[in-house]
Amino acid sequence: MKEAGTTIVLGGGVGGVVAANALRKATGAEHRIILIDRQPVHLFAPSLLWLMTGSRSARQISRPLGRMLRKGVEVVCGEIDMIDPRTRRVRVVQEPPSGDGVREFDADYLVVSLGADLAPESIPGLADAGHSFYSLEGAESLRQAVRRFAGGRIVVLTAAPAYKCPAAPYEAAMLIEHEIRRRGLRHDTTIDLYAAEPGPLGVAGPEVSAGVRHLVESKGIGFHPEHQVVNVDPAAGRLSFANGAIAQFDLLAYVPPHRAPRVIRDAGLSDETGWIPTDRDTLHTRHPGVYAIGDVTHIPLIMGKPLPKAGVFAESQAKVVAGVIAAEINGTLNQTWFDGHGGCFIETGGGRAGFGAGDFYAEPAPQVRLRSVGRRWHLGKVLFEKKWLWRGI
Ligand SMILES: Cc1cc2nc3c(=O)[nH]c(=O)nc-3n(C[C@H](O)[C@H](O)[C@H](O)COP(=O)(O)OP(=O)(O)OC[C@H]3O[C@@H](n4cnc5c(N)ncnc54)[C@H](O)[C@@H]3O)c2cc1C
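This text gives an overview of the structure that appears in the document. (Residues numbered from 1 in each chain as written. Predicted model: local features only at pLDDT ≥ 70, side-chain atom pairs only at ≥ 80, totals over all residues. Heavy atoms only, no water.)

**Re the site of the ligand**
Taken together, 26 residues sit near the ligand, with Gly15, Asp37, Ser113, Asp295 and Val312 positioned nearest. The side chain of Asp37 places a nitrogen or oxygen atom 2.5 Å from an oxygen atom of the ligand. The contact in question runs from an oxygen atom of the ligand to an N or O atom on the backbone of Gly311, over 2.9 Å. Of all the elements in the fold, those that place two or more residues in the shell around the ligand are helix H1 (14-26), strand E6 (79-84) and helix H8 (311-330). (Near = heavy atom within 4 Å. Polar contact = N/O pair within 3.5 Å; in protein donor to acceptor, adjacent residues only side chain to side chain. Helix = DSSP H or I, 4+ residues; strand = E, 2+ residues; numbered from the N terminus.)

If you want it as structure tokens, here you go:
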């Protein structure tokens, strides 16, 4: 058994909250667990799609991170601006009212779950031209824009081929289509999805990809794969693509390019992929005592593409890392490994959804199945959301 020490969890999103809770349950109260995030609230990102359609408010899908204190997790609100993975020292800058100045923390174990930063500025004109439903502010402004929309051309765009939750832009297109039809504007509106990638959910295999494409196209949404946007003209409402194509829009909803947070890159934790390489079973990085989970990681699959970035994986990786660390602290044998299994709901509008799930570590390629669309999968997501927000944090 190791002497009681400290685990610092960096990030209070999906992976961070689950890791801190699981570790708290698995270790004695003498082991300190500190969770650090720049935001004082935890946001349930899958519900941003419902916020976009007006069926949720920001308050309904967020919870104060301070609630973790009652479970025995210390919460620090501030910007992590330095990580030394060799000494496991972390520097945090706090602004009033959370604090005033710079604080340093030392850990026996570091769990890095800082997610992916959104980088709309990497495509000229994009940030001024449309609404990113990948952030709270963007989803709110998109909701207002859809409400004001009186007919015309709607474009949903993925501005880079790899992004978290590969289903989300396809869901967004179908949810917007449903909303436009509900308001009687469908005959006056074209809806197109321009994707940088070759097809939906490519890592899940050709059957799932074709299935999701069929769902989208059966709603009269034009699908244009392999269109990498290079420039956006906000005044003219025009997208220019690397293949020479041009598209006009009156309303633009987009997924911005992603990159690892600057502090990760500065710490030398990322590799040439831009993300943190980890052991695929234990999520251990190349630094002793330092683990990385969730969107910030890069886990190559044998088929040549990386494991998709999704909350379902961040959650199960968090539980694995908590198990690995707790086993070391408690002097027991580790019995948890990340096995690459996961699934996600695919909202199609009108209170209906599909569900794709399977084994992403299967060889030679992931084995994933898409279940047919129905009300039960939508209700499943509603129940999951309620459980997460009332019991998860
Ligand atoms: C619209 C949308 C729908 C989605 N739907 C689904 C779904 O249905 N199913 C699914 O599995 N996944 C879904 N996802 C993806 C899922 O939300 C992410 O994969 C998941 O949140 C990743 O967890 P994480 O802990 O790695 O990162 P995050 O949850 O993003 O957490 C990272 C945290 O780190 C903090 N942070 C970053 N840098 C710093 C810093 N320097 N200092 C302090 N704090 C910092 C951030 O504030 C954030 O709280 C969806 C995402 C979006 C945007």
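**Concerning the layout of surface pockets**
Its boundaries defined by the atoms lining it, the second largest pocket holds a volume of some 370 Å³. Residue lining of the second largest pocket: Val18, Asn21, Ala22, Lys25, Lys71, Glu315, Lys319, Phe384, Lys387, Trp388, Arg391 and Gly392, and that is the complete set. Counting residues per element, the ones that place at least two in the lining of the second largest pocket are H1, H8 and helix H9 (375-392). Tallied by class, residues from the lining of the second largest pocket come to 4 nonpolar, 2 polar and 6 charged. (1 Å grid on protein atoms, 1.4 Å probe; cavity = no way out; pocket = protein on both sides within 12 Å on 5 of 7 lines; lining within 4 Å. Points joined across faces, edges and corners; volume = space filled by probe spheres on them. Nonpolar A, V, L, I, M, F, W, Y, C, P; charged D, E, K, R; others polar.)

**Thoughts on the sheet that holds strand E1 (residues 6-10)**
Pairing is parallel in the open sheet, where 5 strands are placed in the order E5-E2-E1-E9-E21. At either end of the open sheet lies a strand with only one pairing partner, and these are strand E5 (74-77) and strand E21 (290-292). The sheet shows a mean angle of 20 degrees between the axes of neighbouring strands, taken without regard to direction. As paired elements, E1 and strand E9 (residues 109-112) share 4 bridges and run parallel to each other. By the bridge assignment for E9, Thr7 is matched with Tyr109. (Pairing = 2+ DSSP bridges. Axes fitted to C-alpha atoms, helices over the stretch in contact; angles between N-to-C directions.)

**Points about the packing of aromatic side chains**
For any pair of aromatic rings, the description rests on two quantities: the centre-to-centre distance and the angle between the ring planes. Per the stated rule, a full pass over the model turns up 11 aromatic pairs. Centre to centre, the rings of Phe133 and Tyr134 are 5.5 Å apart; their planes meet at 70 degrees, and the pair counts as edge-to-face. One exposure class covers both Phe133 and Tyr134, and it is buried. Aromatic ring contacts, followed pair by pair, group Phe313, Phe338, Phe360 and Tyr361 into a single cluster. Between Arg63 and the ring centre of Trp390, over which it is positioned, the NZ or CZ distance is 4.4 Å. One cation-aromatic arrangement involves Lys309 over Trp275; the distance from NZ or CZ to the ring centre is 3.8 Å. (Phe/Tyr/Trp six-rings, centres within 6.5 Å; stacked < 30°, edge-to-face > 60°. Buried < 20%, exposed > 50% of the residue type's maximum accessible area, 1.4 Å probe, protein only. Lys NZ or Arg CZ within 6 Å of the ring centre and 35° of its normal.)

As far as function goes, none of this settles anything; it's purely spatial.
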